[in-house]
Amino acid sequence: MKNIKFKQKHIATCISLILASGLSHSVFAEEAPLTEPKAEIEVIEVKGIRGSLVRSMNIKRDMSGVVDAISAEEMGKFPDTNLAESLQRITGITISRSNGEGSQITARGFGPEFNLVTLNGRQMAGTGFTRSFNFENLSSEGVSELQTIKTARADIPTGGLGATVNIVTAKPLQSPGQKFTFMAKGNHDSSVEAGDDITPEFAGMYSNTFDDDRFGVSANFSYHSRDFQRQAANVRSWSRTHGINLEPENYIDNRPLDADGNVAKQYYDAENDQFIAASFFPQEISYSQDDVQRERTNAQVTFQYAATDDLVFTLDHTISNAVTGNNSLSWGVWNGSFGGNANSYELDENGTAIYYNSSGDDGSFTAFRETTEVDSKATGFNVEWFATDDLSFTLDLHNSKSETDNGKDDGLGANARIILGSADLSSKEYFFREGDVPGFNVNWNNGSQEINPNEIGSNFSIFSRTPAESEVTQVQLDGKLLVDTNFGLETVKFGTAYTKQTLKGSGGSNNANAPGFSNGTFAEIFPDSMFERLDLNGFLDEFSFGSAGVSPNYAYTYDLDEAFARQAAFLTADVVGSDVYQIGTFGEDIFPQNEVEEETFSLFVTTDWAFEISGYDVQVNLGFRYEKTDAVSPAKSRVAEQVYWAGGSEWVTQFASGGEFEEVEFEGDYELFLPMLDIKVDLSDDLVARASFGQTITRPSLGDMLGNLSLTPSPKVGSRSGSSGNTNLKPFKSTNVDLSLEYYYDEASYASVGLFYKNVDDWITGSSVTTTYEGLYDVYLGQRWNNAVDVIEGRGEQATDTAIYNEIVANGVGIGENNRVLPDPATDPLIQWNISSPQNVEARKVYGIELAVQHLFGETGFGIGINGTIVDGDIDVDNYYIGRQEVLEGVSDSANLQVFYEKDGLSVKVTGAWRGEYLVGLGLPDTGGDSAPVYAEEFLQWDLSVNYEVNDNVTVFFDGVNLTNETERSFSRFDSQFISAAQYGPRYSLGARYSF
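It should be emphasised that the depicted structure is a prediction, and the values quoted were computed from it without experimental measurement.

**Brief notes about the packing of aromatic side chains**
Applying the stated rule across the entire model yields 46 aromatic pairs. With centroids separated by 6.2 Å and ring planes inclined at 80°, the aromatic side chains of Y287 and W331 adopt a geometry described as edge-to-face. Residue Y287 is located in strand β18 (residues 284-308), and its partner W331 is located in strand β19 (residues 311-334); the two are separated by 44 residues in the primary sequence. Assigned by exposure class, Y287 and W331 land together as buried. An aromatic cluster is present here, built from Y287, W331, F440, F539 and F545 joined pairwise through their rings. Sitting over the face of the ring of F228, R226 holds its NZ or CZ atom 3.7 Å from the ring centroid. The ring of W334 carries K716 above its face, with NZ or CZ at 5.1 Å from the centroid.

**Side note on the sheet that holds strand β43 (residues 763-771)**
Taken together, the 4 strands give an open sheet; going across it, the order is β39-β40-β44-β43, and neighbouring strands pair in mixed fashion. Whereas interior strands pair on both sides, the edge strands pair on one side only; in this sheet they are β39 (709-711) and β43. Between one strand axis and the next, the sheet turns through 25° on average, direction left out of account. The pairing of strand β40 (residues 721-724) with strand β44 (residues 833-841) spans 3 bridges and is classified as parallel. Within β44, the position partnered with G722 by the bridge is I835.

**Thoughts on the side chain of S989**
Mapped onto the fold, S989 is located in strand β56 (residues 987-995). Given the relative accessible area of 11%, S989 is considered buried. Of the polar contacts made by the side chain of S989, one reaches the side chain of N187; its length is 2.5 Å. With residues near it in sequence (within four places) discarded, S989 still touches K185, G186, N187, F957, F958 and D959.

**What about the pattern of salt bridges?**
Counted by the stated rule, this structure contains 35 salt bridges. D561 is paired through a salt bridge with R369; the nearest N and O atoms lie 2.9 Å apart. One end of the pair, D561, is in helix α5 (residues 560-570); the other, R369, is in strand β22 (residues 362-386), and 192 residues separate them in sequence. Given a relative accessible area of 38%, D561 falls into the partly exposed group. Across the salt bridge formed by E807 and R795, the nearest N and O atoms sit 3.3 Å from each other. Here E807, found in helix α9 (residues 801-811), pairs with R795, found in the loop between α8 (783-794) and α9; they are 12 residues apart in sequence, far enough to count as distant. By relative accessible area, which is 14% here, E807 ends up buried.

**Describing the packing of α8 against α9**
Between α8 and α9, whose axes approach to 9 Å, the crossing angle comes to 110°. Between α8 and α9, the angle is such that the two are roughly perpendicular. Contacts from R784, W785, A788, V789, V791 and I792 in α8 reach D801, A803, I804, E807 and I808 in α9. For the contact of α8 with α9, the class distribution of residues is 8 nonpolar, no polar and 3 charged.

**Side note on the side chain of N510**
Within the secondary structure, N510 is located in strand β30 (residues 508-512). Polar side-chain contacts of N510 include one of 3.3 Å to the backbone oxygen of I583. In this structure, N510 is in contact with S461, I462, F463, I583, G584, T585, F586 and F591, ignoring residues within four places of it in sequence.

**Points about a negative patch on the surface**
A contiguous patch of negative charge, built from D310, D389, D390, D484 and E490, is present on the exposed surface. Mapped onto the elements, D310 comes out in the loop between β18 and β19. The exposure class assigned to D310 is partly exposed, which follows from its relative accessible area of 31%.

**Points about a nonpolar patch on the surface**
A cluster of nonpolar residues, Y206, F210, F215, F303, Y305, L315, F381, L395, L397, V475, L477 and Y498, forms a patch on the protein surface that exposes about 950 Å² of accessible area. Of all elements in the fold, only β11 (199-210), β18, β23 (391-405) and β28 (468-482) reach the threshold of two or more residues within the nonpolar patch. Within the secondary structure, L395 is located in strand β23. With a relative accessible area of 33%, L395 lands in the partly exposed category.

**Some words on the nonpolar core**
Core analysis: the largest hydrophobic core is formed by 70 residues, its most contacted members being Y287, W331, L420, F463 and Y558. In this structure, Y558 is in contact with F365, T366, A367, I418, I419, L420, M530, F531 and A563, ignoring residues within four places of it in sequence. Of all hydrophobic cores here, the second largest spans 19 residues; its members include L776, V779, Y805 and I831.

**What about helix α2 (residues 48-62)?**
An α-helix turns once per 3.6 residues; consequently, residues spaced three or four apart project the same way. When the terminal C-alpha atoms of α2 are compared, their 21 Å separation across 15 residues agrees well with the 21 Å that a helix rising 1.5 Å per residue should span. Most of α2 sits inside the fold, with 11 of its 15 residues counted as buried. For α2, every residue scored as buried is listed here: G48, I49, R50, G51, S52, L53, V54, S56, M57, I59 and K60.

**Quick notes on the environment of S714**
Following the sequence through the fold, S714 ends up in the loop between β39 and β40. S714 gets classed as partly exposed once you look at its relative accessible area, which sits at 23%. Considered as a pair, S714 and W651 are 63 residues apart in the sequence and their alpha carbons are 5.6 Å apart. For S714, the residues in contact, after removing those within four places along its chain, are E650, W651 and S719.

**Considerations on the sheet that holds strand β7 (residues 122-123)**
Taking strand neighbours across the sheet as the criterion, the 5 strands line up as β3-β8-β9-β6-β7 in an open arrangement whose pairing is mixed. This sheet does not close on itself; its edge strands, each paired only once, are β3 (67-71) and β7. One ladder, built from 5 bridges, connects strand β6 (residues 115-119) with strand β9 (residues 163-169); its direction is parallel. Across the sheet, the residue bridging to L116 is T164, located in β9. The strands touched by α2 within the sheet are β3 and β8 (143-149), with β3 carrying the most contacts at an inclination of about 160°.

**Quick notes on the environment of Y626**
Assignment of secondary structure puts Y626 in strand β34 (residues 616-638). As a C-alpha pair, Y626 and D528 span 98 residues in sequence and 69 Å in three-dimensional space.

Definitions and cut-offs
- Each chain has its residues counted from 1, following the order in which its sequence is written.
- Given that this is a predicted model, residues contribute local features only at a pLDDT of at least 70 and side-chain atom pairs are listed and counted only at 80 or more, while totals for whole chains, interfaces and linings are drawn from all residues.
- Side-chain figures throughout are based on the complete set of non-hydrogen atoms in the structure, without hydrogens or water.
- The rule is short: rings of Phe, Tyr and Trp, with Trp giving its six-membered ring, pair when the centres are within 6.5 Å, and they are stacked under 30 degrees, edge-to-face over 60, tilted in between.
- Segments assigned H or I by DSSP are reported as helices when at least four residues long, segments assigned E as strands when at least two residues long, and all are numbered from the N terminus.
- Only protein chains enter the accessibility calculation, which uses a 1.4 Å probe; a residue is then buried when its area is under 20% of its type maximum, exposed when over 50%, and partly exposed in between.
- Cation placement over rings: the criterion is NZ of Lys or CZ of Arg within 6 Å of the ring centroid and within 35° of the ring normal.
- Each pair of strands is called paired provided DSSP finds at least two bridges between the two strands.
- Lines fitted to C-alpha atoms define the axes, with helix axes restricted to the stretch in contact, and inter-axis angles between N-to-C directions lie between 0 and 180 degrees.
- We call two N or O atoms a polar contact when they sit within 3.5 Å, provided that within protein one can donate a hydrogen and the other can accept it, with sequence-adjacent residues counted only if both atoms are side-chain atoms.
- For this analysis, residues touch if any pair of their heavy atoms sits within 4.5 Å.
- The term salt bridge refers to a side-chain nitrogen of Lys or Arg lying within 4 Å of a carboxyl oxygen of Asp or Glu.
- Any angle that is under 35 degrees is reported as roughly parallel, and any over 145 degrees as roughly antiparallel; angles of 65 to 115 degrees are reported as roughly perpendicular and all others as oblique.
- All residues other than Ala, Val, Leu, Ile, Met, Phe, Trp, Tyr, Cys, Pro, Asp, Glu, Lys and Arg, Gly among them, are scored as polar; the first ten of these are nonpolar and the last four charged.
- Patch definition: residues above 30% relative accessible area lacking any salt bridge, with like charges linked at up to 9 Å and the nonpolar side chains Val, Leu, Ile, Met, Phe, Trp and Tyr linked at up to 5 Å.
- In these tables, accessible area is a Shrake-Rupley quantity obtained with a 1.4 Å probe, and a residue counts as shielded only by the protein chains included in the view.
- Think of it this way: Lys and Arg go in the positive column, Asp and Glu in the negative one, and His and the chain ends go nowhere.
- Where a charge sits is defined by one atom per residue type, namely NZ (Lys), CZ (Arg), CG (Asp) or CD (Glu).
- Residue types Ala, Val, Leu, Ile, Met, Phe, Trp, Tyr and Cys, when buried and joined through side-chain atoms within 4.5 Å, form a set referred to as a nonpolar core.
- Helix span is expected to be 1.5 Å times the residue number reduced by one.

Given below as structure tokens:
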């Protein structure tokens, strides 16, 4: 701790008051007067964890409404990879993870799409084809404060129904003089196999003021590199059947029986309005090993000029660039359609297959490579003008753009999924009677459960590219008037704004070579030397696989570039006709560009009041916000010509070539009036009570507003699906009530309890309709299909997908190039498509309680912080309901713990972040309108940070992230309906920081 004395000038006072909140246009309350008499002021600067906790607590105490914050020095003590991991320390905030890092936040149970992110009070463009901002692409360096506003505020941009997170960056005139900080560290990911054992991270910040502190410049940058391996297991989907006809000795059914001895009808089928008996089988199971390399660069430069004591200009520019490369190997089996392929099975009491033996289809080894770049830029210009001692204005102009492209691979210009394998098998087995992760085996026709390299051939390849661009342009003009009245009114704030948000996206996927093995496997083009056998002992060792261990216990890996080159050289037009093996193109002449443009005009008025009622100081913030929004979506839809069967489980939608699209322009608009009221009462010097009432919104996701019709390019049996947007959607609109009691009993020590209630109108959910389109006919269950089944079963054979396909091809009716089974309009029915479209439905309620305790144990150096959030509402999922349910995704209880010691230059902090089980989403691939839920298991991560000040300028530190190697696991309706498991391993960093 050190004491500083300085002369406070008029301009310095004004600037510090304007920028104290970190917002360039007076977003947060400014209770202090704009001018102060020149005086000799002594400032006591409390550094370290204690200082940051004091600042964060003061923000919480002084602001109107419910606001929580983390200051820069506190974040500097966190072993956090990015801002999301810093935010999870705040009460009521939990995070989702991507690649083992924090990615997006959930606030009070409301997921990323319900939360607004602002940079110095300005709305940020979303990442990819969303409104949501991915915090994983922004480092903690260069950020002075994170503020989380949980209640309605009329003077901030709308969109944060759950919360608004404001990222506050440093301004040079806030802290006059020259300052410089540089940090360097080495990162080690214990999971790394293919990358570097140690990867670098650098960060620096420079700030200085000139011309008697009238001109200031600050700049910061950071570079972060990480190499790691992700090991995972996945079941793509769970297909529902009404029953599979086998002899009793070939199955075990543990489902309960009704009074008549029949299988009980446990499930409600909403589409047909009846209770049914159902069983669920794994559509596919695979294991994967991803080697990931990630680089992130952030930078910001800020210029400030105080032209006079009453006029301040600020110009800032922020960039963020993140490149993630993934080289992946996966291996698994596809189970295809159910019924004719089944040999034996066992069902548990819920009808979930815990053992399944089937014939047909294939086993495969997939090489996948993708390089994704997220490039974001934000530029802002701000003018603060103090017209008089009582009246000030702020003009703020801002543009934010984020571009995402997953086709940045230099060699391919797309992401590539190359699938090699074989259909030369007798049967496949899936089993999950014990353990955390299911296993599988393939019984190959070579008499073993392991395929030989010379039996591996070409299945098919998929090349994809889906670039997207999100842009926000914003102009805001705010004013503030200080008034002196006898009836309590102290301040009037007012303002207007224009915001334009645009989202563009295009691209899709191209299949190289006819899917499946119907054209032959071409195994001869792949030499045995191309394949390397991997022993899987130790794979996913944080999970249990049952007594048999991981199964299968081997996989084959191969070089993606070699596999691509060999197929491109051999599978030419002379060999496979029009199915020539090539990447294809991704321009707008092939894939239409989807676009939504949204313009919003807004105005607000807020008033600050102060009273003394019965001896209690009462502060009131009363205001409203009006907004009018217009949206337009010029939509282009690809024209589907036919759906053909390529063999096995592979079906293809053939779209018109030559740039033929259906073009339609959709429009929508809405108006909003959003009132708010904050009441704060000082019950004593230490006890504060609050009540907040107001309305907040979240706008429809931009993807839901796209007007075009999109049909799946791979319409497998049971998944003939498509989607259509709704440009005229209304936003989610929530009426909120917050009550809290806060006890500030010592320096940086407090206890608080808060209650919140949200009633959300115009809830948006997907509705499904089953429809047909003229000219799109279905081979499945057509006359040829049914005849083939009769012939096969008449021979006493099993009518598998492969057997039916071969029988139709052998008959030679309606067969196209490369043995495609083409639709026959004369004998085939129209395809039944399940088309989903978002609609506004009835209201949903969410309520909960937040608890927090922060305590410093005197001068011992020890401190502790504990917070927790319990959330509930009419948001539960019925696992026995088959159909769409209007639920809230991401709702979970959460808790955070931090224990620290800081004294004599040594700082040690241990943090734990827990999130309870929660609903990830509704719907699995290829299940039509079942809308099966997907849950994430509870998660507890422990981190450690140790800092030691060598002297006044040099600090060395050690960080440990995910010390106990916490894993991730998800499941569908029940734990036995496994969806995924993943592990990443702990991460460690060692580094030093120099500052003056």
